[in-house]
Each structure stands twice: as C-alpha cells, then as structure tokens.
Amino acid sequence: MARKIREAFLFVLLTIVFLATLYHQALRDADDVVVRPDFQPHAYLPTANQIIHEDVTPQNNTHPKTTASSSPLLSDSTVSILLPEWEVLVLVSPEVAEPDLATSDYEYTCLFDNNVTSPANFTGILPSDQARATFKCLLPSRARQKLPYWQPVLIRSSEVSSPPPRLTPSPELLRWNFLVYDSFSTEDDVVLFAKGINKRQGFNRDPTELRCVFGDDLANGVRTNVTSSLQEVFRCQRPNLTDVILSGGKGGREELVKVTLEFVGNGKLVPTVAHYRPWRKVASDEAKSRVCAATMVFNVAKFLKEWVMYYSRIGVEKFVLYDNNSGDNLQEVIQGLVKEGYDVKTVSWIWPKTQEAGFSHAAVYAKDHCEWMMFMDVDEFVYSPSWSNSSEPLKSMIPSLLPKSKTSVSSSSTEGRPPVGQISIECLEFGPSGQKSHPAEGVTQGYNCRSRVENRHKSIVRLDAIDHSLLNAIHHFHLKNGYRAKKMRINDVVVNHYKYQAWTEFKAKFKRRVSAYVVDWREKVNLNSQDRTPGLGYVAEEPKNWLQAFCQVHDNRLKDLAQRWFGVELPSGNHMAWQR
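Residues numbered from 1 in each chain as written. Predicted model: local features only at pLDDT ≥ 70, side-chain atom pairs only at ≥ 80, totals over all residues. Heavy atoms only, no water.

By the naming in an unreviewed UniProt entry, the protein is Glycosyltransferase family 92 protein, taken from Escallonia herrerae. Its UniProt record gives the protein the following Subcellular location (unreviewed entry) comment, quoted word for word: "Membrane". (UniProt positions renumbered as here; feature names shortened; annotations may be inferred.)

As structure tokens, then:
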C-alpha cells in the first residue's frame, strides 16, 4: 500500500513539474501565442455605448493603467484595431490639434501597457472621415502574452522616456474580423463596409436581420432599415437629420457621427470605426467622363507610369487608385503624373483583404464623375489586333469597345434586346519570359511569352447599371434587372495580363492576397484554387524552371505596337516614354 502511495505521489509531482515547464515556456516564447479566431472583443459595455463613444472607461477593469503623452489630444483621441500578423492600426480623431501628422517632423510611437513600445508609421489619411490620420505599429511580444489585448496610446517618440501617468485604463483592441470599418453616403442612402457579418462567400444575412444605428449614444441612437446585405457591403436608409444632430466642430468643421450595424434578434452592436456624413451635392461644370479606370494598388510605383500613359492615350480619362497601404514612392510618381496633366486620384484604402469592398466603394464614389469604369490591375493591358494598323494611339480606342449610345432600360434598342451594362474581355496570361528582374522598359516590353489558352476575364462596367447591392467578384459586377453583359470575342480584343513576372516581383503575391475570399498562398489550404499558381505550392521559393514557365506562345503584338506608339529616340538610345 505504501509503495502505491509513493508511486501516486511521484506521478502527481512529475505532472506538476511538467505542466509548470510548459507554462513558463509559453510565457517565454510569446511569438508562439496565437489569437483565438473565435475570440471577439466586447461590442459595447453594459453601462455605456462604446460603439458611439470612443473614450469610455471599462468597468471592473483591473489591468495596469497605461502611461501616456503630455499631448492629451493624441493620447485620448485614438482608436486601435488588431489586424492580421500582429499589426495594430491606430486611427487618430480629426479633432486632434496636432501639426499636420502626414508631414510633421515628429516621430510617433505606440505606447502599450507596462510601458511597452513599438514604432508607429504613418499610413495615410482617410478621406471619408475628414482627413483622419492613420498609423500602424506592431503589437510587441510582451503585450501578446495574455488576453485581452489593450489599445495603445499614440505619443511623440521624444516623450517615451518620461510619459506621465494616464488616469483612465485603455479599452480593448478592436478585432479586424468583426468590425464596421468604413461608410459612404450617397444621394439616396448610406453604404457601410463591415467584416465578420457575412462570413462566407455566397452566404449572406437577410437584410431584415440587421439595422443601422446612427448617433452619439445607444439609448437615443437613430435606427434605420438595412436594404441590402451582400459580402462586406450593407446599404441603409438615410437617417432623419432632425434626429441625428450634427453640430459645428472646431473651425466650422462638421462633427462626425458614428454609424454601425445592430443585430435585430439580440440587439448586439458591431464594433465600429466608421462615421456618417450627410451627402451633399457638389456643384461642378465638368461633364462626366466617358471612361475611367479604378484599381487597388500596393507598391506599384515602378509600374504605374506605363499603365497610366498607355490607357490615357487610348481613351481612359480619369484614374482612381485605391492605395492599400503602399510603402514605396507611389505618391511621388502620382504627383509627377498629375503635373504632366494626367487625372489621377488616390483613395487611402488601408483595409486588408477587402478588394471586393473597395471596388464596391469605387462604384458609388465615381458614379457622379464617370459613365463607365474599367476595373483593371496595373499589370493588365487591353489590346485589340485592329489597332495594329494605327500609327499612333487614339482616344477613341477604348470607347469604341462600348455601346455607341447611352440607352436606358425603358428605351428599347433596335434589336429588342436589353442595353449592355458591362463588357467582359478575356485574359491572356504572360510568364516570366526569361526576366530575372523588373524590366526597366516596362512590362509590355519585357514579357512576351504566354500561355496558349485564355484564363479569366476583366470588365468595363456602366456605373448606373450596377445592382443596388454593389455585388462583385472582382472581375465583374452584378447588374440591375434590364441590363445585360456582353462577352467580347477574343479575336477582337484581349487583356494582356503580365501575371507571372520575374521572381523578385512575383514572390510578393505570397504575402498579399487582397480578395476577401482568397486565402494567402502561405496557408496549406485550397491548393487547387484557380487563384494559386499551378504547381507552385505554399512556399515562396523560386521553382527551377521559373524563367521559362507558362511560355507556350511568343506574342509580340502589343510589344511591337507599344514601341511604335511610345518609343522615344534619345542620345543614350531608344527608350519608352514612361522611362523618362
């Protein structure tokens, strides 16, 4: 009996030692801590409306109080979101009376609990929130060791060594997987963009399950019906302006009013960083452009001039770039293009994996300025064999692909068919073509070998023909009843998609997949997805045959045409116009 007791005691002791070892190992190796995907932050507190008020003190919160900067506006006027890969997005209130944060000489730091810090990098301005500055920093390893994760304070880096105590505890970090992140007001309604409500492609909540909430407190918030709920886009009826009081802010600035979504069944509010601003008609004598182009970009400075100059000469009048947090000299290139007379605008779209939502935003953002919108990436170039006989590019080339006249649903065409609301153009995908680095003369010149069979398509869509839901699959939009899509014949027009470029450029795709419904290539799932590169797997290692991959047909048609149109003879030799 005594022997059994000793063995049992020894077993319990060894178990305790083993578990303690695992516990301390987990604390020491903080980078192995993984956020529970099912964990959601508190949508609101029982005693206050955290959805409407950013500066709410959590009740019964015993975590250490954060120290903060002597600049109280920076300390108390931010809200932070935990993004994938431990990035923290800090949104600064537009009321902050700080020097221009985008051009300031100050450096900034995220200050977390227990005085743990992380450098903060300026990432852009949100135009929909009246010039709201945004920063990004990494959640430090020491701050990841236990839940919940607390929001940092944004301070000047010079004040890190002696921050005074902050009197109120920090709120929890908002989670990116459950959040209303942007809004846009139209003449008729309000469009919200939200993560975590329609979680799977093709599975959407019925609009009657949701309500929109506007205002500055939960008890008196104005609620309106949701009229559409598809993907990450939700459309709400406009609130009564007599119920949502918009008082004048500092310097005559209109005060922003928060807006979110509410689940009808349980009254749960979705956390939000979005604001409502009433629609106002801007007087303009400028006529609508016939054709515009919209795309989402990330670090495309080296590609952009070729794309803009090519399309501008064949009929695209305006360019709208959704900048997905670029870190290169993109803005410098854009400023140069604008000085040369090109109409290029950027929208700071910092939200990760939201390409479909970004294109939906573009559809309403540009509707008053453009008749047709071409959705093409900067490595995609429309080409028609019929252009080969032209000695110079013509601004009528792209418009000639579209219906000759603007017809409405109520008017009947001569053929008795619905009017065309969208044209779809097949893509030919080009491979590395022996290139080891980005060709200085441009993608149309450097890549000339492609796959034999076309794959996928891109579209040019009439903006007033897009369905109320703004539903899209990146390549095309769902149209209103009464409009039809037209598929162009591949012998008439194609998209040269310079997709599989030199490995130094292409490997970036492993880290950044911008579609909401496409997994990053580093994940060992959906290995047979059409989004993935055939045979590449999930590791960013250059295949042995990459230089000649996807090379079945040598196709110099657009290369030769672009040389004729854009080639420039200089003392140093022949160059393309975009190389200057």
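Next comes the rest of the account.
Chemist: Sorry, what's going on with the packing of aromatic side chains here?
Modeler: To describe a pair of aromatic rings, one takes the distance between the centres and the angle between the planes. Counted according to the given criterion, the structure contains 33 aromatic pairs. Taking the centre distance of 6.2 Å and the plane angle of 45° together, the rings of Y310 and F566 count as tilted. Taken together, the residues span a long stretch of sequence, with Y310 in helix 3 (residues 301-313) and F566 in helix 8 (residues 557-566) at a distance of 256 residues. Across this residue pair, the class does not change: Y310 and F566 are buried. (Phe/Tyr/Trp six-rings, centres within 6.5 Å; stacked < 30°, edge-to-face > 60°. Helix = DSSP H or I, 4+ residues; strand = E, 2+ residues; numbered from the N terminus. Buried < 20%, exposed > 50% of the residue type's maximum accessible area, 1.4 Å probe, protein only.)

Chemist: Just to check I follow, could you spell out the pattern of salt bridges for this structure?
Modeler: Pairing of side chains with opposite charge becomes possible as their charged atoms draw close. Scanning the model with the defined rule gives 18 salt bridges in all. Across the pair D555 and R557 runs a salt bridge, and its minimum N-O distance is 3.1 Å. When its relative accessible area of 7% is taken as the criterion, D555 is described as buried. The class for R557 is partly exposed, based on a relative accessible area of 35%. (Salt bridge = Lys/Arg side-chain N within 4 Å of Asp/Glu carboxyl O.)

Chemist: Explain the sheet that holds strand 4 (residues 117-126) here, please?
Modeler: Whether parallel or antiparallel, the strands of a sheet pair through hydrogen bonds between backbone atoms. The strand order across the open sheet built from seven strands is 6-3-4-5-2-1-7, with neighbouring strands paired in mixed fashion. A single partner strand is all that each edge strand has here, and the edge strands are strand 6 (153-156) and strand 7 (174-175). Two elements, strand 1 (residues 78-82) and strand 7, share two bridges in a ladder whose sense is parallel. Bridged to L82 within strand 7 is R175. (Pairing = 2+ DSSP bridges.)

Chemist: Honestly, the nonpolar core in this entry has me stumped. Any pointers?
Modeler: Within soluble globular proteins, side chains that are nonpolar generally end up buried alongside one another. In terms of nonpolar packing, the biggest core is built from 58 residues, with L304, W307, Y310, Y311, V382, W387 and I425 touching the most fellow members. A total of eight residues in this core trace back to one element, the largest contributor, which is helix 3. Those residues within four positions of Y311 in sequence are excluded, and the remaining contacts are V316, F319, M374, M376, E380, F381 and V382. Core analysis: the second largest hydrophobic core is formed by 42 residues, L174, C292, A294 and A357 among them. (Core = buried A, V, L, I, M, F, W, Y, C linked by side-chain atoms within 4.5 Å. Contact = heavy atoms within 4.5 Å.)

Chemist: I tried to follow unusual backbone geometry on my own but got confused; where do I start?
Modeler: Excluding glycine, a negative phi dihedral is what most residues carry, and trans is how most peptide bonds are arranged. In this structure, the amide linkage connecting L147 to the following residue, P148, adopts the cis form with an omega of -5°. A positive phi angle is found at N325, which is not glycine, with a value near 70°. Among the structural elements, N325 can be located in the loop between strand 16 (318-323) and helix 4 (330-339). Of note in the backbone geometry, S433 takes a positive phi value of approximately 55° without being a glycine. Of note, S433 is situated in the loop between strand 20 (420-429) and helix 6 (443-446). Residue classification places S433 among the buried positions, given a relative accessible area of 17%.

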